[in-house]
Amino acid sequence: MKSTGLDAADIRILSALQQHGQLSKTRLAELVNLSPTPCWARLDRLKAAGYINGYHAALALERIADFTQVIVTVSLTHHRKADFDRFEAMIQTLDEVTLCIATGGGMDYVLHVFTPTLAAFQTLMETLLESEIGIDRYMTYIATRRIKSIQPNVAKLIAQGAN
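Residues numbered from 1 in each chain as written. Predicted model: local features only at pLDDT ≥ 70, side-chain atom pairs only at ≥ 80, totals over all residues. Heavy atoms only, no water.

A. Expanded view of the overall build of the protein. Helix and strand counts for the protein stand at seven helices and four strands. Rg of the C-alpha trace for the protein: 20 Å, well past the compact-globule value of 15 Å for 163 residues, more than 25% over. If you line up the protein on its principal axes, its C-alpha atoms span 55 × 40 × 30 Å. Summed over all atoms, the accessible surface of the protein reaches about 11000 Å², with 53% contributed by carbon and sulfur. (Helix = DSSP H or I, 4+ residues; strand = E, 2+ residues; numbered from the N terminus. Rg over C-alpha atoms; globule rule 2.2 N^0.38 Å. Areas by Shrake-Rupley, 256 points an atom, 1.4 Å probe, with all protein chains shown as cover.)

Structure follows, in structure tokens:
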């Protein structure tokens, strides 16, 4: 198991934030069974140590806008560090790509892409192919509906890793 330097109270704080988002000092302390001042001091320490990347709202995107959601697997022509760096730098500039995972095996990357239309997705892919970032081949999978989308339960993940 990876040594995180976190104790049980830290894990309870992180779990509460993961489940409920940003909380008041009093509510967080209640949820993790600590008094408010030590709880808030721990929270400040966790933030300073980089354990918390931010707070986000889970939006009902389908109620806000029409969109096309596509999963794309990408394989690069060459596999030198410079090739990966060039591809990843380009992906960082694209708001349409909401997730990019480097993978081992048959494909190099898995992308999660949101565009307003299928035509907009095709235009994005043409731009990527024309940009000479080394794409050898790609496969697209049109997402029809979201079944589940959550972050892993941090307390459970740590507990299972200790076994």
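B. Fine view of unusual backbone geometry. One non-glycine residue, Asn33, lies in positive phi territory at about 60°. Here Asn33 lies in the loop between α2 (25-32) and α3 (36-48). Relative accessible area serves as the criterion here: at 68%, Asn33 is assigned to the exposed category. Positive phi outside glycine occurs at Glu132, with the angle close to 55°. When its relative accessible area of 66% is taken as the criterion, Glu132 is described as exposed. (Buried < 20%, exposed > 50% of the residue type's maximum accessible area, 1.4 Å probe, protein only.)

C. Up close: the layout of surface pockets. When its volume is computed, the largest pocket comes out at roughly 2000 Å³. Taken together, the elements giving at least two residues each to the lining of the largest pocket come down to α1 (8-20), α4 (61-64), β2 (97-102), β3 (109-115) and α7 (154-162). The element contributing the most residues to the lining of the largest pocket is α1, with six residues. A class-by-class count of the residues in the lining of the largest pocket yields 21 nonpolar, 17 polar and four charged. Lining the second largest pocket, in full, are Glu88, Ile91, Gln92, Leu94, Asp95, Val97, Leu99 and Cys100. Of all the secondary-structure elements, those providing two or more residues to the lining of the second largest pocket are α5 (81-92) and β2. Here the residues of the lining of the second largest pocket are counted per class, giving five nonpolar, one polar and two charged. (1 Å grid on protein atoms, 1.4 Å probe; cavity = no way out; pocket = protein on both sides within 12 Å on 5 of 7 lines; lining within 4 Å. Points joined across faces, edges and corners; volume = space filled by probe spheres on them. Nonpolar A, V, L, I, M, F, W, Y, C, P; charged D, E, K, R; others polar.)

D. A look at the packing of α2 against α3. For the pair α2 and α3, the least separation of the axes is 9 Å and the interaxial angle reads 95°. Viewed along their axes, α2 and α3 adopt a mutual orientation that is roughly perpendicular. Packed against α2, whose contacting residues are Lys25, Leu28, Ala29 and Val32, the element α3 presents Pro36, Thr37, Cys39, Trp40 and Leu43 at the interface. Its residues assigned to classes, the contact of α2 with α3 comprises seven nonpolar, one polar and one charged. (Axes fitted to C-alpha atoms, helices over the stretch in contact; angles between N-to-C directions. Parallel < 35°, antiparallel > 145°, perpendicular 65-115°, else oblique. Contact = heavy atoms within 4.5 Å.)

E. Expanded view of α1. The terminal C-alpha atoms of α1 lie 18 Å apart, and with 13 residues this matches the ideal 18 Å at 1.5 Å per residue to within 8%. Sitting at the head of α1, Asp7 places a side-chain oxygen 3.1 Å from the backbone nitrogen of Ala9. Note on α1: the residue one or two positions beyond its end, Gly21, has a positive phi of about 80°. (Expected span 1.5 Å × (residues − 1). Polar contact = N/O pair within 3.5 Å; in protein donor to acceptor, adjacent residues only side chain to side chain.)

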